[in-house]
Amino acid sequence: MFENSGYAKVDFSDVPDVYVINTCSVTQNADKECRQLVKRAMKINPNAFVAIIGCYAQLKPTEIAEIPGVDLVLGANEKFNLLEYIDQTEKKQKAQIQNEEIKTAREFVPSFSFGERTRTFLKVQDGCDYFCAFCTIPLARGFSRSNNISKTIEYAKQVIATGVNEIVLTGVNIGDFGKHHNENFLQLIKALDALDGNHRYRISSIEPNLLSDDIIEFVAHSQKFVPHFHIPLQSGSDKILHLMRRRYNAGLYASRVNKIKLLMPDACIGVDVITGFPSESEQDFMDTYSFIQELPVSYLHVFTYSERANTTAIRINEVVPLQERQKRTKMLNILSDKKRRAFYESQNGKCKTVLFESEEDNGKISGFTQNYVKVLMPFDQSLVNTFHKIHLTGISAEGHMFAEPAKNLEPQTHN
């Protein structure tokens with residue numbers, strides 16, 4: 001929208017006239033990062049116009065407006081009309097706030113990332129109806145909503161026309177897609193799979209209770225959807241899952257992982273987990289640790305619990321000390337490194353298809369296999385945004401795999 005209105009995109013440090021900071025608010029650190037970014041912007045150009053959008057802007061607009069240097073704060077609905085509020089780029093005496101109650105956010109606004117040559121993120125869903133005890137996202141993004149399948153397919157065709165070869169389906173709770181249109185996520189991925197083109201799809205995070213056997217079985221036989229899943233767990237203790245108001249237990253989670261591995265033995269499975277949720281005892285944590293240790297998963301995203309206003313979790317009195325939370329986070333991060341290493345070792349010597357992406361600092365070209373193994377090979381500009389068969393030949397200390405060409409790097413489809 002900015003470029004269509006005559007603006008040019010520049011780097012953060014290139015003395016911009018306008019900064020737009022899109023905020024998260026999942027953790028306290030995300031809020032702090034917003035403040036730090038405004039401070040950095042003001043050091044680079046004290047006269048720059050600073051607009052804040054995103055979840056933090058929806059939840060705490062007045063707090064943001066008091067940050068020195070901020071000129072405009074837009075809520076979840078208003079952010080899509082950002083340019084209407086920037087009639088001039090001069091600094092304001094007082095920050096302007098445009099922020100409606102989140103319950104008014106009923107319209108789904110589709111979008112996809114643009115500018116990368118090889119991968120795009122296609123937003124197919126927004127909002128969440130779950131209200132987990134630790135989470136502010138429903139308060140910041142509103143109720144679950146999406147387009148219908150036909151409109152989503154129209155946007156997918158626009159993405160394919162840009163020439164990218166990997167499309168990541170994303171949203172706040174993508175497994176909820178289509179619920180207000182009498183459609184569902186399985187129907188969507190079947191429709192996407194039928195589109196012409198030599199591209200591949202990757203599913204971003206999907207709730208285990210919404211990741212049905214039918215979805216898993218479809219991906220297992222799909223020519224375009226890759227064997228990579230990211231499934232939030234949060235805790236391996238049923239007691240803690242209940243307190244978190246999650247909609248599954250550890251047994252259901254394990255059954256999903258085992259089903260994936262039964263049908264797709266080389267599938268990559270990522271896991272979200274939270275440490276130090278209120279009342280999480282040492283035994284609860286060790287139950288989580290042992291549960292993950294025994295599961296055939298590939299890596300973890302570990303989050304240290306932080307108190308968030310207006311969530312039910314802050315009313316639980318048994319608070320885990322911060323130092324203990326951090327200790328548990330460290331333990332799980334170490335376990336994640338071991339899991340990723342073991343997964344990579346299981347892939348060594350196998351033939352896979354890689355989508356080459358970009359040049360690394362060391363004169364190598366990087367890319368990811370269909371099952372999310374990062375590969376490095378000697379740089380060749382002609383390989384960028386192309387699929388090729390490779391043999392995985394070893395693991396580096398930096399956390400990627402080495403490879404050599406198979407069949408003289410003849411171009412391949414993704415599968």
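Everything below is about the structure shown above.
Scope of this entry: the structure provided in the associated data block. (Residues numbered from 1 in each chain as written. Predicted model: local features only at pLDDT ≥ 70, side-chain atom pairs only at ≥ 80, totals over all residues. Heavy atoms only, no water.)

Moving on, we get to the overall build of the chain. Helices and strands together make up the secondary structure of the chain, namely 11 helices and 16 strands. Scaling as 2.2 N^0.38, a compact globule of 415 residues should have a C-alpha radius of gyration of about 22 Å, and the chain matches this with 22 Å. A principal-axis box enclosing the C-alpha atoms of the chain has dimensions of 65 × 55 × 45 Å. For the chain, with 415 residues in total, the buried portion stands at 51%. Across the chain, contacts joining residues at least 24 apart in sequence account for 70% of those joining residues at least 6 apart. Total accessible area on the chain stands at roughly 19,600 Å², and carbon and sulfur atoms take up 48% of it. Computing the positive centroid from 48 side-chain charges and the negative centroid from 50, the chain places the two 3 Å apart. (Helix = DSSP H or I, 4+ residues; strand = E, 2+ residues; numbered from the N terminus. Rg over C-alpha atoms; globule rule 2.2 N^0.38 Å. Buried < 20%, exposed > 50% of the residue type's maximum accessible area, 1.4 Å probe, protein only. Contact = heavy atoms within 4.5 Å. Areas by Shrake-Rupley, 256 points an atom, 1.4 Å probe, with all protein chains shown as cover. Lys, Arg positive; Asp, Glu negative; His and termini not counted. Charge placed at Lys NZ, Arg CZ, Asp CG, Glu CD.)

Here Ser336 shows up in helix H11 (residues 322-347). By relative accessible area, which is 6% here, Ser336 ends up buried. For Ser336 and Asn348, which are 12 residues apart along the polypeptide, the C-alpha to C-alpha distance reads 19 Å. Those residues in contact with Ser336, other than ones at most four positions away along the chain, are Ser298, Tyr299 and Leu300.

In this section: unusual backbone geometry. Phi at Phe131 is positive, roughly 55°, even though this residue is not glycine. Along the polypeptide, Phe131 turns up in the loop between strand E6 (119-123) and helix H4 (137-141).

Taken together, the four strands give an open sheet; going across it, the order is E5-E6-E7-E8, and neighbouring strands pair in mixed fashion. Here the strands that pair on one side only, and so sit at the sheet edges, are strand E5 (111-112) and strand E8 (200-203). By the bridge criterion, four bridges tie strand E7 (residues 166-170) to E8 in an arrangement that is parallel. Bridge pairing in E8 links Ile167 to Tyr201. (Pairing = 2+ DSSP bridges.)

According to the stated counting rule, one finds 11 aromatic pairs in the structure shown. Arranged with centres 5.6 Å apart and planes meeting at 70°, the rings of Phe277 and Tyr305 form a pair that is edge-to-face. On the criterion of sequence distance, the pair formed by Phe277 in the loop between strand E10 (268-275) and helix H10 (282-294) and Tyr305 in the loop between strand E11 (299-304) and H11 is long-range, its members being 28 residues apart. Taken individually, Phe277 and Tyr305 each receive the classification buried, so the pair is uniform in this respect. Centroid distance Tyr299 to Tyr372: 6.2 Å. Interplanar angle 40°. Geometry classified as tilted. One end of the pair, Tyr299, is in strand E11; the other, Tyr372, is in the loop between strand E13 (364-369) and strand E14 (374-378), and 73 residues separate them in sequence. Every member of this aromatic cluster is reached through a ring pair, and the members are Tyr201, Phe218 and Phe225. (Phe/Tyr/Trp six-rings, centres within 6.5 Å; stacked < 30°, edge-to-face > 60°.)

Let us look at the side chain of Arg202. Turning to its location among the elements, Arg202 is positioned in strand E8. Those residues in contact with Arg202 that sit more than four places away from it in its chain are Glu166, Ile167, Val168, Leu169, Val226, His228, Phe368, Thr369, Gln370 and Tyr372.

According to the stated counting rule, one finds 22 salt bridges in the structure shown. Residue Asp71 pairs with Lys91 through a salt bridge whose shortest N-O separation is 2.7 Å. Pair noted here: Asp71 is in the loop between helix H3 (61-65) and strand E3 (72-74) and Lys91 is in the loop between E3 and strand E4 (96-98), with a separation of 20 residues, a long-range link. Judged by its relative accessible area of 30%, Lys91 falls in the partly exposed class. Residue Glu324 is joined to Arg328 by a salt bridge in which the shortest nitrogen-to-oxygen separation is 2.9 Å. Placement of both Glu324 and Arg328 in helix H11 is noted, with a separation of four residues, approximately one turn of the helix. (Salt bridge = Lys/Arg side-chain N within 4 Å of Asp/Glu carboxyl O.)

Over its 13 residues, H10 runs 18 Å from end to end, which matches the ideal 18 Å to within 8%, given 1.5 Å per residue. Tucked inside the fold, the buried residues of H10 contact strand E9 (228-234), helix H8 (238-244), helix H9 (250-263), E10, E11 and H11. (Expected span 1.5 Å × (residues − 1).)

Below, the discussion takes up the packing of H10 against H11. In the contact formed by H10 and H11, the axes pass within 11 Å of each other and the chain directions differ by 10°. Taken together, the axes of H10 and H11 lie roughly parallel to each other. Residues Glu282, Phe285, Met286, Tyr289, Ile292, Gln293 and Glu294 of H10 pack against Glu324, Lys327, Arg328, Met331, Leu332, Leu335 and Lys339 of H11. Grouping the constituent residues of the contact of H10 with H11 by class yields seven nonpolar, one polar and six charged. (Axes fitted to C-alpha atoms, helices over the stretch in contact; angles between N-to-C directions. Parallel < 35°, antiparallel > 145°, perpendicular 65-115°, else oblique. Nonpolar A, V, L, I, M, F, W, Y, C, P; charged D, E, K, R; others polar.)

This part covers the pairing of E14. Along any regular strand the residues' side chains alternate between the sheet's two faces. Relative to E14, E13 is paired through five bridges, and the arrangement is antiparallel. Note that in E14 the partner of Lys364 across the bridge is Pro378. Counting the residues that bridge the hairpin from E13 to E14 gives four residues, and of these Tyr372 lies at a positive phi of roughly 65°. Pairing between E14 and strand E16 (residues 401-405): two bridges, direction parallel. Of the residues in E16, the one forming a bridge with Val375 is Met401.

Bringing the sheet that holds strand E15 (residues 387-395) into the picture now. Around the barrel, which closes on itself, the five strands sit in the order E12-E13-E14-E16-E15 with mixed pairing between neighbours. Strand-to-strand twist of the sheet, defined as the mean angle between neighbouring strand axes without regard to direction, takes the value 55°. In the sheet, strand E12 (residues 351-359) pairs with E13 via five bridges, with the strands oriented antiparallel. Bridged to Phe356 within E13 is Gly367.

Moving on: helix H7 (residues 213-221). Taken together, the buried positions of H7 are occupied by Ile215, Ile216, Phe218 and Val219. The buried residues of H7 occupy an angular sector of 165° when the element is viewed end-on, so they sit on one face. Those residues of H7 hidden inside the fold are in contact with helix H6 (185-193), E8, E9 and H9. (Arc of directions from axis to C-beta.)

Moving on, we get to the environment of Glu116. Following the sequence through the fold, Glu116 ends up in the loop between E5 and E6. With a relative accessible area of 46%, Glu116 lands in the partly exposed category. Taking the C-alpha atoms as reference points, Glu116 and Val164, separated by 48 residues in sequence, lie 7.8 Å from one another.

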